[in-house]
Amino acid sequence: MKRVYALEEYCVGCRLCEINCIVAHSQSKDIIWAFKVEEPRPLPGILVEEARPISFGLQCRHCDDAVCIKSCITGAMHRDERDTVVCDTDKCVGCWTCIMACPYGAIKANENDGKVVSKCDLCPDLSQPACVSHCPNEALIYVDRG
Amino acid sequence: MLREKYERVPSGCAVSGILDRSGRRFSGNDIIQSIALMRERSNGLGGGFAAYGIYPEYRDHYAFHMFYDDEQAREISERFLNEHFNIAEAGPIPTKKVSWIINEPMIWRYFVLPKEEKLTSSGLLSDEFVAQCVINLNKRIDGAFVVSSGKNMGAFKGVGYPEDIGEFYQLYNYEGYMWTAHGRFPTNTPGWWGGAHPFTLLDLSVVHNGELSSYGTNRRYLNEFGYECTMQTDTEVAAYLLDLFTRRQGMPLEIACKIMAPPMWDEIERMPDDERTLYTALRTVYGKALMNGPFSIIAAFNSGMVALNDRIKLRPLVAAEKGNVLYVSSEESAIIEICPKPDKIWTPRGGEPVIGMLEEVKA
Amino acid sequence: MISYVLPEFLVMRDENRCIQCQVCVRQCANDVHYLDEKDGKVKADDAKCVNCQRCVTFCPTHALTIIPNPQEFKANANWTKKAITEVQKQAESGAVILTSMGNPQEYPIYWDKIVLNASQVTNPSIDPLREPMELKTYLGRKPDKLEFDEKGRLITKLTPQLVLNVPIMFSAMSFGSISLNACESLARAATELGIYYNTGEGGLHSSLYRYGKNTIAQVASGRFGVHANYLNAGAALEIKIGQGAKPGIGGHLPGEKVGAEVSATRMIPEGSDAISPAPHHDIYSIEDLRQLIYALKEATNYTKPVSVKIAAVHNVAAIASGIARAGADIIAIDGFRGGTGAAPLRIRDNVGIPIEMAIAAVDTRLKEEGIRHQVSVVAAGSIRNSADIIKAIALGADAVYIATSALIAIGCHMCQKCNTGKCNWGIATQDPQLVKRLNPNIGARRLVNLVTAWEHEIKEMLGGMGINSIESLRGNREMLRGVGLTQKELDILGIKAAGE
Ligand code: SF4
Ligand code: SF4
Ligand code: SF4
Ligand code: SF4
């Protein structure tokens with residue numbers, strides 16, 4: 001399947017991926033509304049790891065053999081019809097088992113409501129994930145490497 | 001307004017040429033008839049002819065055709081000629097009053113040979129010596145103009161429709177083995193007799209239809225080899241390039257034509273190795289001699305003639321053959337007019353020269 | 001001590017738009033923006049801003065504008081703000097003012113006073129979309145004539161030539177003055193375009209040898225990174241005598257820019273200043289130049305054309321003629337607006353002559369001496385667009401070198417702070433954090449785009465003039481007319497006034 005890959009040598013640590021991820025998952029899809037008005041503000045599904053000069057955008061790998069799915073106690077974490085690993089927020093009880101299980105640290109607690117997790121869903125409504133389209137240095141690519 | 005000599009004037013035109021490869025001589029009637037048919041392509045502001053083989057009795061002498069604005073110009077010029085040449089015969093070129101032809105200059109002819117001592121002291125070959133003298137005459141003597149200076153040939157030109165010019169010079173009284181003609185359509189200027197075609201240099205004459213967009217580049221290139229383009233005409237550029245390549249650099253005529261109208265790089269890429277190397281070298285070394293923009297020219301010299309089109313054929317040119325005779329012209333009709341049933345008639349491709357050589361030369 | 005120097009720019013942040021995302025904070029290597037922890041707001045220290053516009057471009061809400069500081073001194077046509085500020089700076093530093101890029105002063109730009117011709121009626125214009133339009137250019141030495149045997153076969157063998165698909169090359173910029181990613185962008189674009197880029201005086205990084213076919217290897221007075229492999233790595237060699245931005249002085253690469261890679265490539269110790277002498281100490285005369293040209297030809301077995309690059313100075317025509325006679329195959333002339341990675345401000349702004357005049361003078365001089373057709377002439381020093389190129393070629397150049405416009409294509413915003421090594425665009429820097437900002441994939445693509453766009457425009461202008469091959473434009477000054485020039489200027493340029 002197509003996944004987002006980070007090219008560490010070109011990541012400049014600007015975090016525009018995070019910001020645009022938030023916008024893409026906001027209600028208004030408008031950056032100023034999303035940040036200044038909307039409550040709660042969504043969490044980014046991508047997180048930039050940084051130890052300058054090294055940095056890269058990290059997000060869910062949508063593993064074939066996803067331990068988060070296996071470990072989820074309510075079945076909230078599941079694979080959808082696009083093969084994307086996503087979380088059904090209605091079912092999530094906020095136990096955070098998945099957070100502990102994910103070997104990449106790609107799942108985060110949503111501090112807005114204390115229980116539901118937030119993670120990359122590969123932007124199902126867009127032709128290309130928002131982080132990829134908005135990365136100014138082509139440090140994120142969306143390709144099928146098998 | 002500057003006289004044409006000092007300013008470049010764009011013009012459109014008609015050209016025609018006939019060569020009997022066997023060397024048989026024929027009168028100027030055919031060429032007049034051929035160029036007259038294309039009257040539409042001229043506007044009465046210039047016409048002219050070059051005739052080869054017309055002076056067999058003086059075949060070894062340089063035949064100078066001269067225009068003089070006044071007596072004084074003639075006197076100074078004759079002094080110059082006397083100083084450098086032995087003059088075998090001199091006199092006005094016979095002309096006939098034609099009502100359309102007005103303001104003609106004094107038109108004279110001299111059969112000359114360079115003075116031995118002048119040749120020796122100049123250290124030049126006689127052709128080069130004559131060429132230098134022509135340049136000096138044109139440059140230094142106000143009101144004098146050398147119309148032609150080759151052996152056994154002459155140019156006859158003026159302001160008017162070409163057929164009237166032919167009548168004026170009574171060209172039906174001359175016989176030559178090769179004739180070229182030109183009808184001119186300059187876009188401005190009242191017309192200057194010297195500015196009419198053909199343009200000549202020794203026995204080389206050029207008639208030309210077109211306008212070179214590469215004029216500035218070509219002129220600067222020629223300048224490097226000592227040619228000064230004083231006439232401000234494209235024809236002069238074409239003539240000098242041919243002179244440089246064929247006479248001074250001794251290059252085959254076909255190659256000279258391929259320099260002036262080379263194949264496209266695309267085409268060169270596709271050629272077999274040998275040819276590709278040749279054409280790449282030609283374009284690399286002689287790029288500034290490429291004649292760009294629309295043209296069809298007929299260049300004639302004692303041994304034959306060549307007709308050439310620009311490489312994307314922006315001006316018309318047709319060729320035909322019947323027996324020994326080669327015809328080239330701006331329009332097919334101008335050939336059919338004088339040769340109704342040619343053995344072969346064709347439209348040469350852009351950049352493909354049509355070359356006709358006298359048989360005695362070919363052998 | 002309090003600095004008397006006013007901040008040059010003010011950072012304007014539209015609070016209605018700013019979302020406090022701190023992208024600007026992370027992008028400014030000059031530490032202008034910062035997050036004020038006390039109120040959680042992003043603020044700016046204007047005095048450090050160089051107006052490179054990295055933050056402006058990256059701010060996702062377009063909340064930023066950088067403006068010149070409107071603070072003025074009492075009006076004085078002589079003691080301008082610039083004049084006063086420079087005195088203040090030097091009174092504080094006691095040093096030569098260093099700067100970079102090309103001469104920004106208000107000298108006339110002759111390109112903008114020259115207009116082009118087009119065909120009407122008497123000579124058809126040519127549509128480049130429908131007819132072939134040729135820009136292929138051969139640079140190198142040409143014989144006076146080609147020789148043929150009696151069968152009409154070519155005997156003459158041409159000396160090595162550079163073949164350009166478009167008469168544009170990327171001018172010398174050394175690894176050290178610019179980043180490896182910038183070098184790679186240029187090298188890759190040159191390869192894709194079928195043109196050449198020039199290594200500059202800093203040697204060739206080992207990762208760039210694979211672009212050798214499209215490389216011109218430069219040899220300058222410091223001889224940094226020059227060895228047999230280097231000389232043989234490229235398609236041509238260039239001896240750098242001078243540079244338009246700083247005629248008469250050598251280069252200076254500060255030790256901070258000399259990291260491991262630069263040190264290895266230049267063959268100098270890490271952290272040491274790389275200072276190239278003002279002259280080549282083995283070239284004090286034209287005969288010496290001849291020796292170096294032939295030494296390089298020997299070293300490369302006569303397989304590569306040798307170019308000699310000089311700054312356009314007063315007697316450039318005579319110098320060019322000497323260079324041609326000394327055996328150079330290509331003469332590159334760099335006008336006084338040419339850029340640099342670092343130069344003393346007084347030199348950059350006051351030495352040299354405009355490239356337009358230099359090209360016209362050189363072409364005419366070589367023509368008068370009957371040797372113009374033997375050598376190629378390359379014009380450099382602020383070619384800003386395709387019309388400048390057309391004009392340069394019509395004045396007599398065979399091709400042009402571009403550098404500043406190439407850098408602008410890959411992100412340079414002309415802040416003229418290359419000498420600080422803190423280029424926010426990853427170009428004039430060796431800081432790994434900044435270098436990675438220039439992704440060579442993007443850089444190469446943008447360069448290819450730029451040259452391709454110019455190629456289209458050149459074809460269109462040529463077609464308009466009724467010319468279908470670039471060689472028919474070379475030295476074709478009939479195609480140019482001057483507007484608003486004095487007779488003397490027209491004479492030097494060898495062109496007529498509009499209307500003539
Ligand atoms: S947007 Fe791209 S360059 Fe910026 S932090 Fe994210 S991955 Fe890195
Ligand atoms: S990048 Fe723009 S929106 Fe973000 S903190 Fe800076 S000024 Fe504000
Ligand atoms: S130096 Fe550049 S990045 Fe920093 S504030 Fe100024 S314009 Fe923005
Ligand atoms: S290369 Fe960088 S430092 Fe130099 S002028 Fe351009 S943006 Fe500024």
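1. Observations regarding the sheet that holds strand β20 (residues 480–482) of chain C
All names here are of chain C.
Reasoning step 1: In spatial order, the strands read β6-β20-β21; together these three strands make up an open sheet with mixed pairing. Each having just a single partner strand, β6 (114–116) and β21 (496–497) make up the two edges of the open sheet.
Reasoning step 2: Two strands pair when backbone bridges link them, and β20 and β21 are joined in this way by two bridges, in the parallel orientation. Pairing of Gly 482 across the sheet is with Ala 497, part of β21.

2. Re the packing of helix α11 (residues 386–395) of chain C against helix α14 (residues 440–464) of chain C
Residue and element names in this part refer to chain C.
Reasoning step 1: Viewed as axis vectors pointing N to C, α11 and α14 meet at an angle of 55°, and their least axial separation amounts to 9 Å. In terms of their interaxial angle, α11 and α14 are classed as oblique. Crossing geometry of α11 relative to α14 is assigned as right-handed. Listed contacts from α14 to Ser 386, Ala 387, Ile 389 and Ile 390 of α11 are Trp 454, Glu 457, Ile 458, Met 461 and Leu 462.
Reasoning step 2: Here the residues of the contact of α11 with α14 sort into seven nonpolar, one polar and one charged.

3. Describing the site of ligand 4
Reasoning step 1: Within the structure, ligand 4 sits among Met 101, Cys 412, His 413, Met 414, Cys 415, Gln 416, Lys 417, Cys 418, Cys 423, Trp 425 and Ala 428 of chain C.
Reasoning step 2: Counted by class, the shell around ligand 4 contains eight nonpolar, two polar and one charged residues.

4. With respect to the arrangement of the chains
Reasoning step 1: Summarising the chain contacts, two pairs of chains touch, and the pair with the most contacts is chains B and C.
Reasoning step 2: The two units chain A and chain B remain apart, with a minimum C-alpha distance of 37 Å.

5. Observations concerning the domain arrangement of chain A
Residue and element names in this part refer to chain A.
Reasoning step 1: Each assigned domain of chain A is listed with its residue range as follows: domain 1 (1–60 + 121–146) and domain 2 (66–119).
Reasoning step 2: For domain 1 versus domain 2, the separation of C-alpha centres amounts to 19 Å.
Reasoning step 3: Across the contact, 15 residues belong to domain 1 and 15 residues belong to domain 2.
Reasoning step 4: Taken over both partners, the interface formed by domain 1 and domain 2 buries close to 1,100 Å², and the fraction arising from carbon and sulfur atoms is 59%.
Reasoning step 5: Area buried by domain 1 at its contact with domain 2 is led by Leu 43, Cys 60 and Asp 121, which between them contribute 43% of it.
Reasoning step 6: For the interface between domain 1 and domain 2, the tally reads zero salt bridges.
Reasoning step 7: Connecting domain 1 to domain 2 are two residue pairs in polar contact (both at pLDDT 80 or more).
Reasoning step 8: Its residues assigned to classes, the side of domain 1 that touches domain 2 comprises 11 nonpolar, two polar and two charged.

6. A word on the interface of chain C and chain B
Reasoning step 1: Taken together, the contacts link 41 residues of chain C with 42 residues of chain B.
Reasoning step 2: Summed over both sides, the interface between chain C and chain B buries roughly 3,500 Å², with carbon and sulfur atoms accounting for 56% of that surface.
Reasoning step 3: When residues of chain C are sorted by the area they lose upon contact with chain B, Thr 122, Lys 367 and Glu 471 of chain C head the list and together hold 17% of the total.
Reasoning step 4: Applying the counting rule to chain C against chain B returns six salt bridges.

7. Focus on helix α5 (residues 162–169) of chain B
Residues and elements named next belong to chain B.
Reasoning step 1: Among the eight residues of α5, seven are classified as buried, and the element is accordingly described as predominantly covered.
Reasoning step 2: Taken together, the buried positions of α5 are occupied by Pro 162, Glu 163, Asp 164, Ile 165, Gly 166, Phe 168 and Tyr 169.
Reasoning step 3: With its phi angle positive at about 55°, Gln 170 sits one or two positions after the end of α5.

8. A short note on the sheet that holds strand β4 (residues 62–68) of chain B
All names here are of chain B.
Reasoning step 1: Read across the sheet, four strands follow the order β5-β6-β4-β7 without closing on themselves; strand pairing throughout is antiparallel. Each edge of the sheet is formed by a strand with only one pairing partner; in this case those strands are β5 (85–92) and β7 (144–148). Each neighbouring strand pair of the sheet contributes to a mean axis angle of 30°, computed without reference to strand direction.
Reasoning step 2: Looking at chain direction, β5 and strand β6 (residues 106–114) are connected through seven bridges and run antiparallel. Directly across from Pro 92, in β6, lies its bridge partner Trp 108.

9. Focus: the pattern of salt bridges
Reasoning step 1: In this structure the tally under the stated criterion is 52 salt bridges over all chains.
Reasoning step 2: In this structure, Asp 112 of chain C and Arg 384 of chain C form a salt bridge, with 2.7 Å as the shortest nitrogen-oxygen distance. Of this pair, Asp 112 of chain C sits in the loop between β5 (98–99) and β6 while Arg 384 of chain C sits in the loop between β18 (376–380) and α11, placing them 272 residues apart in sequence.
Reasoning step 3: A cluster of three or more residues bridged by salt bridges with shared partners is formed by Arg 220 of chain B together with Asp 363, Arg 372, Asp 398, Arg 474 and Arg 477 of chain C.

10. Digging into the interface of chain A and chain C
Reasoning step 1: Opposite the 21 residues of chain A that make contact, chain C presents 23 residues.
Reasoning step 2: Contact between chain A and chain C buries roughly 1,900 Å² in total, counting both sides, with carbon and sulfur atoms accounting for 56%.
Reasoning step 3: Here chain A and chain C share one salt bridge between them.
Reasoning step 4: Between Glu 138 of chain A and Arg 445 of chain C there is a salt bridge, and its shortest N-O distance comes to 2.8 Å.
Reasoning step 5: Our count for the contact surface shared by chain A and chain C stands at 11 residue pairs in polar contact (both at pLDDT 80 or more).
Reasoning step 6: When contributions to the side of chain A that touches chain C are tallied by element, the ones reaching two or more residues are α1 (16–24), α2 (31–36) and β3 (54–58) of chain A.
Reasoning step 7: The element that contributes the greatest number of residues to the side of chain A that touches chain C is α2 of chain A, accounting for four residues.

11. Quick notes on the site of ligand 1
Reasoning step 1: Close to ligand 1 lie Cys 11, Val 12, Gly 13, Cys 14, Arg 15, Leu 16, Cys 17, Val 48, Cys 135, Pro 136 and Leu 140 of chain A.
Reasoning step 2: Here the shell around ligand 1 is composed, by residue class, of nine nonpolar, one polar and one charged.

12. With respect to the nonpolar core
Reasoning step 1: Formed by 125 residues in total, the largest nonpolar core has its most connected members in Phe 170, Ile 333, Ile 427 and Leu 473 of chain C.
Reasoning step 2: Among the elements that take part in this core, helix α4 (residues 180–193) of chain C stands out by supplying eight residues, more than any other.
Reasoning step 3: Excluding residues that lie within four positions of it along the chain, Leu 473 of chain C makes contacts with Thr 217 of chain B together with Ile 390, Ile 393, Ala 394, Leu 462, Met 465, Ile 467 and Met 479 of chain C.
Reasoning step 4: With 89 residues, the next largest nonpolar core counts Ala 238, Tyr 240, Phe 295 and Ile 335 of chain B among its residues.

13. Examining the pairing of strand β2 (residues 47–51) of chain A
Residue and element names in this part refer to chain A.
Reasoning step 1: Summarising the sheet, β2 and β3 pair through five bridges and their orientation is antiparallel. Pairing of Leu 47 across the sheet is with Leu 58, part of β3.
Reasoning step 2: Linking two consecutive strands that pair antiparallel, namely β2 and β3, is a turn of two residues.

14. As for the side chain of Ser 330 of chain B
Reasoning step 1: Looking at the secondary structure, you find Ser 330 of chain B in the loop between β16 (325–329) and α11 (332–336).
Reasoning step 2: At 2.8 Å, the side chain of Ser 330 of chain B and the backbone nitrogen of Val 15 of chain B are in polar contact.

15. Quick look at helix α2 (residues 71–84) of chain B
Residues and elements named next belong to chain B.
Reasoning step 1: Between its first and last C-alpha, α2 extends 20 Å over 14 residues, near the 20 Å set by a 1.5 Å rise per residue.
Reasoning step 2: Residues of α2 that are buried include every one of Ala 73, Arg 74, Ser 77, Glu 78, Phe 80, Leu 81 and His 84, and no others. Axial view of α2: buried residues confined to an arc of 160°, hence all on one face. Every exposed residue of α2 that faces more than 90 degrees away from the buried side is listed here: Gln 72 and Arg 79.
Reasoning step 3: On its buried face, α2 sits against β4, β5, β6, α3 (116–122), α4 (126–140) and β7.

16. Some thoughts on the state of the cysteines
Reasoning step 1: Overall, the coordinates contain zero disulfides over all chains when judged by the stated rule.
Reasoning step 2: Unpaired in terms of disulfides, Cys 63 of chain A finds its nearest cysteine sulfur in Cys 60 of chain A, a separation of 6.3 Å.

Calculation criteria
- Residues numbered from 1 in each chain as written.
- Chains lettered and ligands numbered in written order.
- Predicted model: local features only at pLDDT ≥ 70, side-chain atom pairs only at ≥ 80, totals over all residues.
- Heavy atoms only, no water.
- Pairing = 2+ DSSP bridges.
- Helix = DSSP H or I, 4+ residues; strand = E, 2+ residues; numbered from the N terminus.
- Axes fitted to C-alpha atoms, helices over the stretch in contact; angles between N-to-C directions.
- Parallel < 35°, antiparallel > 145°, perpendicular 65-115°, else oblique.
- Left-handed = near helix turned anticlockwise from the far one by under 90°.
- Contact = heavy atoms within 4.5 Å.
- Nonpolar A, V, L, I, M, F, W, Y, C, P; charged D, E, K, R; others polar.
- Near = heavy atom within 4 Å.
- Domains from an automatic or database assignment.
- Buried area = accessible area lost by both parts, 1.4 Å probe.
- Salt bridge = Lys/Arg side-chain N within 4 Å of Asp/Glu carboxyl O.
- Polar contact = N/O pair within 3.5 Å; in protein donor to acceptor, adjacent residues only side chain to side chain.
- Buried < 20%, exposed > 50% of the residue type's maximum accessible area, 1.4 Å probe, protein only.
- Core = buried A, V, L, I, M, F, W, Y, C linked by side-chain atoms within 4.5 Å.
- Expected span 1.5 Å × (residues − 1).
- Arc of directions from axis to C-beta.
- Disulfide = S-S within 2.5 Å.

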